[in-house]
Protein chains: 2
Amino acid sequence: MPSLPETMTAIAIPTPGGPEALQPETRPLPKPGPTEVLVRVAAAGVNRPDVMQRKGMYPPPPGAPDIPGLEIAGEVAAVGEKVSRLRIGERVTALVAGGGYAEYCVAEEAIALPIPKGLSMIEAAALPETFFTVWHNMIERGALKAGETVLVHGGSSGIGTTAIMIAKAFGARVIVTAGSPEKCAACRKLGADVAVNYKIEDFVAVTKAATGGRGAELIIDIIGGDYVNRNYNAAAMDGRVVQVSVQAGPNAAVDVRMIMLKRLTHTGSTLRPRPVAEKAAIGRGLLEKVWPLIEAGKVKPVIDSTFPLREAAKAHARMESSVHIGKIMLVVRA
Amino acid sequence: MPSLPETMTAIAIPTPGGPEALQPETRPLPKPGPTEVLVRVAAAGVNRPDVMQRKGMYPPPPGAPDIPGLEIAGEVAAVGEKVSRLRIGERVTALVAGGGYAEYCVAEEAIALPIPKGLSMIEAAALPETFFTVWHNMIERGALKAGETVLVHGGSSGIGTTAIMIAKAFGARVIVTAGSPEKCAACRKLGADVAVNYKIEDFVAVTKAATGGRGAELIIDIIGGDYVNRNYNAAAMDGRVVQVSVQAGPNAAVDVRMIMLKRLTHTGSTLRPRPVAEKAAIGRGLLEKVWPLIEAGKVKPVIDSTFPLREAAKAHARMESSVHIGKIMLVVRA
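On a predicted model such as this, the values are computed, not experimentally measured, just so you know.

Among the nonpolar cores identified, the biggest contains 153 residues, and M138 and V150 of chain A together with M138 and V150 of chain B are the most heavily contacted of them. Once you skip the residues sitting within four places of it in the chain, V150 of chain B turns out to touch M138, L144, A167, R173, V174, I175, L218 and I220 of chain B.

And the structure:
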C-alpha cells in the first residue's frame, strides 16, 4: 500500500449550471471519522441527484461533502478508530453521503459492502444507489412476491434495469415502460416480459391487457406527475405503488376514491437522508439475498458507458440526453 | 316465537330524490339463503351510503336488496339450511348487504355477532358499520399502536366517535377535527385529547403544535378533497393515512414528493363490496378485542337520535343537516 498523498483531484461545482459546471479541483484528502473508512476510489457512479446538485437544486445534506457522487468502489486506504471489520487494502463498494467524484472518498464502514465475486470495479461501483433503492422499495417496502406482476417505469434506467433483473430472479412477471424501441428491446433482453414504449402506447391499457384485466400488483415509479393517477388505474386490487422519484414533477391530480375502492397502498422513500443504521440494514439484505444472485450470474449491473473522472461533464451531458441504457460510470483509476 | 307473517313494512326508494323519497311499502318477507339467517329487526342504523343510495348515486351491488340499510340488531327468526351456530330466538347485531330499513332482514351468519352484554337493541344496531370500518381501517390497516398520535377527521360522526373511543382504549393520543364548538366538546368528552374546529383553525398547524412538530403517526380521513394533501403535511415521518370516505369529493391535488420524503403510506378501503369471509375476519377481531371493551363500559356507541322506521325521511334529513353527534337510528320494534 503506497503512503497517502496530501491532496487529490476531485470534481467540484464552483458555480451551479450545465454539465460544464463540473470542474476538476485539487483538494485535501478527506479524513475518515471514527466509524468511517477512507477509500482509494477506482470508479464512481453517476446518478440523477448528482445532476440536480450540479444545477443547484439539491444541496448536499448538512455534514456531507460538497463534491458530488453517491456511490464508489475501491480499496480501503485508511480506517477510523472504531472500524472493526474492514482492513486496509480490502476492496469495497460503498454508498456514500457525497464526494464520490474524487480520487479518495470516505465511507461509513456499515454501508461498505464486499465486492461480489466476478465483478469489475466499474461494475461494483454501479451497484449501491440502484441496488439499495430497488431492494428497499421493491422487496422490503413493496413486498414483491413470486407470481406477482410488477410494473417498472423507466425500465432502461439504472433503477429500471436493476428492478427487472431482481424481480425476475424473485419469480415475478415484469412489465416496463421505456421511451424508444431500442430501450424496450434492451429491457426485454434483461428479462422484461412486456415492454411498453410510452411514447406510442398507453401503459394502463397494456398493463390491464397483459394481466387479464387485473392490473399490476406492484408499481415502481420514478416518474410522478401525471403517472400517479394512471398508476392507480393500472394497479390491481390490493395493489401497491412505490414512489422512488418524481422525474416528471411532484404535483399530481389524483382520484383518491381509487385508493379506497382498490384498497391500494401508495408509499415511497428516499435513500440519502436515512440514518446509517437504516442503510446498513438494507445493505445486509442485499448481501444475503442479492450478492449470491450476482455471483451466480443471474443479476448483473448494466453499464451504459464509462468516462474518465476529469470528463464528468460529458457523463452528465449523456445522462441528460436520456439516450443511455443502464448506468453511466466515472473511471477514477484504471 | 310467533309464526312468521307473509309480508312486512320496509322503507323503499320508488324514485331517487330528497329524504321524502323514502316511502314505507309492504313487501314479502325475504328468505334466508343457505348460510343466512332471517332477523326480526328491532333497530337499524342510518349511514351516509344510505343517503347516497336514496339520491340514486350508489346503487346496491348485484344481488343486494333494493331496500336501504346496512346494519341491524334483532332476533333470529329463521335459519338457512347450512347455518350451524345461530338458533331461532338468539339476539344478534349484523352487518347486512342492504335491506336494514325493514321489519325483517336477512344476514349472513358469519357476520351476525352476539350483542355485547349491557347494550340495548338500539345501541347494538349502531355497532356494525362504524365498528367494522374503524377496526379494519384504524387497527388492522392503519396499525395504530399505543403511544402514537392519531388524527381523526369528522370526530363527531359515527366513525369519528367510534375511532376516538377505540383509539383511547388502545393507548393512543387522539386529535380530531369537527365543525362546531359543541361537536368539539362532545369529542373531548369521549376522550379526544385535542379537538380542532376546522372552520376556524388549521388542522395541520394544530396537529404539528400538539406533537412537538412531528405530526400524526396515523390519520383516519373521511373527507378527501383538499384534505388529502393537508393530511400529507400533517403526517409524521413514516406516517400512515387511511382513506375511509371522500365526503368532500374524490379529486385531490397532491405533492407526491411528500410520500417519498416522509416515507408515508396512503391506503384505504371500502367495506360493502368485500367478500363475506373478509368481513367475517374483521368481525372476529371485533369480538375478541372490542366486545370486551364494550362490556367493560370503556367503549360505547354514541347515539345521536332515534326515529320510528316510518319516519326514516326525518332521520335522513337530520343526517344531511350535519348537526348530529354520533349515530342516527331507526327503531323498528320498541
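Anyway, onward from the coordinates.
Considering all chains together, one arrives at 4 aromatic pairs over all chains under this definition. Their ring planes at 45° and their centres at 4.8 Å tell us that F203 of chain A and Y227 of chain A sit as a pair that is tilted. A residue pair is termed long-range when its members are at least 10 positions apart, and F203 of chain A in helix 6 (residues 203-210) and Y227 of chain A in helix 7 (residues 227-234) qualify at 24 residues. For the pair F203 of chain A and Y227 of chain A, a shared accessibility class is recorded, and that class is buried. The positively charged end of R272 of chain B is found above the aromatic ring belonging to Y58 of chain B, 5.1 Å away from the centroid.

Turning our eyes to something else, we now look at the pattern of salt bridges. Two side chains of opposite charge can pair, provided their charged atoms sit close to one another. Applying the stated criterion to the full structure yields 38 salt bridges over all chains. Where R263 of chain A meets E278 of chain B, a salt bridge forms, and the shortest distance between an N and an O atom there is 4.0 Å. Taken together, the positions of R263 of chain A in the loop between helix 8 (257-261) and strand 14 (265-268) and E278 of chain B in helix 9 (residues 276-289) put the pair across two chains. What makes E278 of chain B partly exposed here is its relative accessible area of 29%. Salt-bridge contacts for E288 of chain A lead to K289 of chain A; the nearest nitrogen and oxygen are separated by 3.8 Å. Look at K289 of chain A and you get partly exposed, because its relative accessible area is 43%.

To continue, consider helix 11 (residues 312-321) of chain A. Residues and elements named next belong to chain A. Within the span of helix 11, buried status applies to A312, A315, H316 and M319. In a view along the axis of helix 11, the buried residues occupy a sector of 95°, so they form one face of it. Tucked into the core, helix 11 has its buried residues touching strand 1 (7-12), strand 3 (36-46), helix 1 (48-54), strand 15 (303-308) and strand 16 (327-331). Backbone geometry just downstream of helix 11 places S322 in the positive-phi region, at approximately 60°.

Before going further, it helps to spend a moment on the pairing of strand 4 (residues 71-79) of chain A. All names here are of chain A. Buried residues dominate strand 4, accounting for 7 of its 9 residues. Where strand 3 meets strand 4, 7 bridges bridge the pair, whose relative direction is antiparallel. The residue bridging A43 from the neighbouring strand is A73, located in strand 4. Relative to strand 5 (residues 91-95), strand 4 runs antiparallel, the two sharing 5 bridges. Looking at strand 5, one finds that G74 is bridged to V92.

Once that is clear, we can look at the relation of the copies chain B and chain A. Superposition of chain B onto chain A requires a rotation of 180° combined with a translation of 0.0 Å along the rotation axis, giving an RMSD of 0.0 Å. Taken together, these values place the two copies in the relation of a two-fold axis. A share of 100% of the interface residues of chain B reappears at the interface of chain A, consistent with the copies meeting face to face through the same patch.

Take the side chain of T207 of chain B next. All names here are of chain B. If you trace the backbone, T207 turns up in helix 6 (residues 203-210). Side-chain polar atoms of T207 contact the backbone oxygen of F203, separated by 2.7 Å. The contacts of T207, once residues within four sequence positions are left out, are L151, I175, G215, A216 and A234.

What follows covers the sheet that holds strand 10 (residues 194-197) of chain A. Spatially, the 12 strands line up as an open sheet ordered 10(A)-9(A)-8(A)-11(A)-12(A)-14(A)-14(B)-12(B)-11(B)-8(B)-9(B)-10(B), and their pairing is mixed. Unpaired on one side and paired on the other, strand 10 of chain A together with strand 10 (194-197) of chain B mark the two borders of the sheet. With strand direction ignored, the average angle separating the axes of adjacent strands in the sheet is 15°. Where strand 8 (residues 149-152) of chain B and strand 9 (residues 173-178) of chain B come together, 4 bridges link them in parallel fashion.

This next bit is on the packing of helix 3 (residues 128-141) of chain A against helix 9 (residues 276-289) of chain A. Two packed helices can be described by the angle between their axes and the distance between those axes. Residue and element names in this part refer to chain A. Viewed as axis vectors pointing N to C, helix 3 and helix 9 meet at an angle of 85°, and their least axial separation amounts to 10 Å. In this view, helix 3 runs roughly perpendicular relative to helix 9, as classed from their interaxial angle. Contacts from F131, F132, W135, H136 and E140 in helix 3 reach K279, A281, I282, G283, G285, L286 and K289 in helix 9.

Further remarks concern the interface of chain B and chain A. Contacts between the two partners involve 28 residues from chain B, matched on the other side by 28 residues from chain A. Both faces considered, chain B and chain A share a buried interface measuring about 2200 Å² in area, 62% of it formed by carbon and sulfur atoms. It is V256, M260 and R263 of chain B that lose the most area in chain B upon contact with chain A, and together they represent 29% of the buried surface on that side. There are 2 salt bridges connecting chain B and chain A. Where chain B meets chain A, there are 8 residue pairs in polar contact (both at pLDDT 80 or more). Within the residue set of the side of chain B that touches chain A, elements represented by two or more residues are strand 12 (235-243), strand 13 (251-255), helix 8 (257-261) and strand 14 (265-268) of chain B. Ranked by residues supplied to the side of chain B that touches chain A, first place goes to strand 13 of chain B with 5 residues. In terms of residue class, the side of chain B that touches chain A is made up of 12 nonpolar, 9 polar and 7 charged. By the bridge criterion, 3 bridges tie strand 14 of chain A to strand 14 of chain B in an arrangement that is antiparallel. Counterpart to T267 of chain A in the pairing with strand 14 of chain B is T265 of chain B.

Residues and elements named next belong to chain A. By the element assignment, E201 lies in the loop between strand 10 and helix 6. Residue E201 is classed as partly exposed on the basis of its relative accessible area, which comes to 34%. Here E201 is in contact with A195, V196 and V206, once residues within four sequence places are set aside.

The subject of this paragraph is the domain arrangement of chain A. Residue and element names in this part refer to chain A. Domain boundaries in chain A define domain 1 (7-127 + 272-331) and domain 2 (131-268). If you look at the interface, domain 1 gives 26 residues, while domain 2 gives 19 residues. Both faces combined, the contact of domain 1 with domain 2 buries some 1800 Å², and carbon together with sulfur accounts for 76% of it. Inspection of the domain 1/domain 2 interface yields 0 salt bridges. In this structure, the connection of domain 1 to domain 2 is made through 4 residue pairs in polar contact (both at pLDDT 80 or more). Listed by contribution, the elements that provide at least two residues to the side of domain 1 that touches domain 2 are helix 9 and helix 10 (291-295). In terms of residue count, the dominant contributor to the side of domain 1 that touches domain 2 is helix 9 (7 residues). Considering only residue class, the side of domain 1 that touches domain 2 consists of 15 nonpolar, 5 polar and 6 charged.

Basis of the calculations
Residues numbered from 1 in each chain as written. Chains lettered and ligands numbered in written order. Predicted model: local features only at pLDDT ≥ 70, side-chain atom pairs only at ≥ 80, totals over all residues. Heavy atoms only, no water. Core = buried A, V, L, I, M, F, W, Y, C linked by side-chain atoms within 4.5 Å. Buried < 20%, exposed > 50% of the residue type's maximum accessible area, 1.4 Å probe, protein only. Contact = heavy atoms within 4.5 Å. Phe/Tyr/Trp six-rings, centres within 6.5 Å; stacked < 30°, edge-to-face > 60°. Helix = DSSP H or I, 4+ residues; strand = E, 2+ residues; numbered from the N terminus. Lys NZ or Arg CZ within 6 Å of the ring centre and 35° of its normal. Salt bridge = Lys/Arg side-chain N within 4 Å of Asp/Glu carboxyl O. Arc of directions from axis to C-beta. Pairing = 2+ DSSP bridges. Least-squares fit on C-alpha atoms with pLDDT ≥ 70 in both. Polar contact = N/O pair within 3.5 Å; in protein donor to acceptor, adjacent residues only side chain to side chain. Axes fitted to C-alpha atoms, helices over the stretch in contact; angles between N-to-C directions. Parallel < 35°, antiparallel > 145°, perpendicular 65-115°, else oblique. Buried area = accessible area lost by both parts, 1.4 Å probe. Nonpolar A, V, L, I, M, F, W, Y, C, P; charged D, E, K, R; others polar. Domains from an automatic or database assignment.

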